[in-house]
Amino acid sequence: MNSTEMNDFYINRLKELKIKLTELRINIIKIISRTKHFTINELIDMLKQMDSKVNIMSVYNNIDLLLENHLLYANTFNGKYIIYEAIKPHLIHIKCDECSKIIDVDDKKENTQFMNSFISLGKKFNVEVNHYKIELHGICNECK
Ligand SMILES: [Zn+2]
Ligand SMILES: [Zn+2]
């Protein structure tokens, strides 16, 4: 999905969920759709650039709303900051434990292979798997 498709996906989901599209929500969705990883402070800064009168409490409430409705992922890669990102059916993060670099893997062929393995794994535990999110750890070439 490109950022325009992602934006449309989010707007439609909110409409389906009967969540009112306030100006702040529309701006948050714009940012989610075009930004790979962001912290709450980065989100607030970006919102302030779009609209100088940003209510910080409302931003927090909206993040909670999106998390509750499974429309946002919250990652804690280094245990210190929560890094948010748009939801995806297949998500693999590879993290270098030396430099903390995070790579998002998006490979259609591999995603399908993994999905099939996870669907059969889920079946063993009587769960119908519909998405996955994995974190791999290691040392990158530059840090070796
Ligand atoms: Zn590294
Ligand atoms: Zn990511």
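Reading the values: the criteria
Sequence order as written defines the numbering, with residues in each chain counted from 1. The lettering of chains begins at A and the numbering of ligands begins at 1, in the order of writing. Local features in this predicted model are restricted to residues of pLDDT 70 or higher, and side-chain atom pairs are both shown and tallied only at a pLDDT of 80 or more, whereas totals for entire chains, interfaces and linings draw on every residue. Think of the side-chain values as coming from all heavy atoms in the structure, minus any hydrogens and water. Each metal site is built from N, O and S donor atoms within 2.8 Å (3.2 Å for Na, K and Ca), and since water is not included, such sites may look incomplete. Any site counts as irregular unless it has four donors with all angles between 85 and 135 degrees, making it tetrahedral, or four or six donors with opposite ones more than 155 degrees apart and the rest between 65 and 115, making it square planar or octahedral. Whenever a carboxyl oxygen of Asp or Glu lies within 4 Å of a side-chain nitrogen of Lys or Arg, that contact is scored as a salt bridge. Labels follow the DSSP assignment, with helices taken as runs of H or I lasting at least four residues and strands as runs of E lasting at least two, numbered in each case from the N terminus. Residue burial is assigned from relative accessible area. The probe radius is 1.4 Å, only protein chains are included, and a residue is buried under 20% of its type maximum, exposed over 50%, and partly exposed in between. Geometry is summarised by axes, namely lines fitted to C-alpha atoms with helices restricted to the contacting stretch, and by angles between N-to-C directions that run from 0 to 180 degrees. Crossings are assigned a handedness: left-handed for a near helix turned anticlockwise from the far helix by less than a right angle, right-handed for a clockwise turn. The criterion used for residue contact is that any of the two residues' heavy atoms lie within 4.5 Å. By the convention adopted, Pro, Cys, Tyr, Trp, Phe, Met, Ile, Leu, Val and Ala count as nonpolar, Lys, Arg, Asp and Glu as charged, and the other residues, Gly among them, as polar. As used throughout, domain bounds are those supplied by an automatic or database domain assignment. What gets called buried area is simply the loss in accessible area from a 1.4 Å probe that two parts show on being joined, summed for both. For this analysis, a polar contact is any N or O atom pair within 3.5 Å, provided that within protein one partner can donate a hydrogen and the other can accept it, and provided that sequence-adjacent residues contribute only side-chain to side-chain pairs.

Section: the coordination of the zinc ion (ligand 2)
At the metal site, the zinc ion (ligand 2) is ligated by His-37 (NE2), Glu-85 (OE), Glu-85 (OE), His-93 (NE2), Asp-104 (OD) and Asp-104 (OD), and these contacts range over 2.0 to 2.5 Å. Of note is the zinc ion (ligand 2), whose 6 donor atoms meet at the metal with angles of 52 to 172° in an arrangement that counts as irregular.

Describing the pattern of salt bridges
Following the criterion strictly, the structure yields 4 salt bridges and no others. Among the salt bridges present, the one from Glu-16 reaches Arg-13, with a minimum N-O distance of 2.5 Å. Highlighted residues: Glu-16 and Arg-13, both in helix H1 (residues 3-16), separated by 3 residues, approximately one helical turn. The salt bridge involving Asp-97 is made with Lys-95; its shortest N-O contact spans 3.6 Å. Given the relative accessible area of 41%, Asp-97 is considered partly exposed.

Side note on the packing of helix H2 (residues 23-34) against helix H4 (residues 56-68)
Across the interface, H2 lies against H4 with an axial gap of 11 Å and an inter-helix angle of 65°. Read as a crossing pair, H2 and H4 show a hand that is right-handed. Residue-level inspection shows Leu-24, Arg-25, Ile-28 and Ile-32 of H2 in contact with H4, the latter providing Ser-58, Val-59, Asn-62, Leu-65 and Leu-66. Per-class residue counts for the contact of H2 with H4 are 6 nonpolar, 2 polar and 1 charged.

Notes on the coordination of the zinc ion (ligand 1)
Looking at the metal site, the zinc ion (ligand 1) is ligated by Cys-96 (SG), Cys-99 (SG), Cys-140 (SG) and Cys-143 (SG), spaced 2.2 to 2.4 Å from it. The site at the zinc ion (ligand 1) holds 4 donor atoms, and with the angles between them running 103 to 117°, its shape is tetrahedral.

Structural notes on the side chain of Lys-88
Within the fold, Lys-88 resides in the loop between strand S2 (83-86) and strand S3 (90-96). On the basis of relative accessibility, which here comes to 18%, the residue Lys-88 falls in the buried class. If near-sequence neighbours (up to four positions away) are discounted, Lys-88 is found in contact with Lys-36, Tyr-73, Asp-104, Asp-106 and His-131.

Some points on the domain arrangement of the chain
Per the domain assignment, the segments of the chain are domain 1 (3-86) and domain 2 (90-138). Computed from C-alpha coordinates alone, the two centres of domain 1 and domain 2 are separated by 23 Å. The interface of domain 1 with domain 2 comprises 7 residues on the first partner and 8 residues on the second. Buried area between domain 1 and domain 2, summed over both chains or domains, comes out near 730 Å², and the portion from carbon and sulfur atoms is 59%. Taken together, the connections running from domain 1 to domain 2 amount to 5 residue pairs in polar contact (both at pLDDT 80 or more). With 3 residues, strand S1 (residues 72-75) is the largest single contributor of residues to the side of domain 1 that touches domain 2. Residue composition of the side of domain 1 that touches domain 2, grouped by class: 3 nonpolar, 2 polar and 2 charged.

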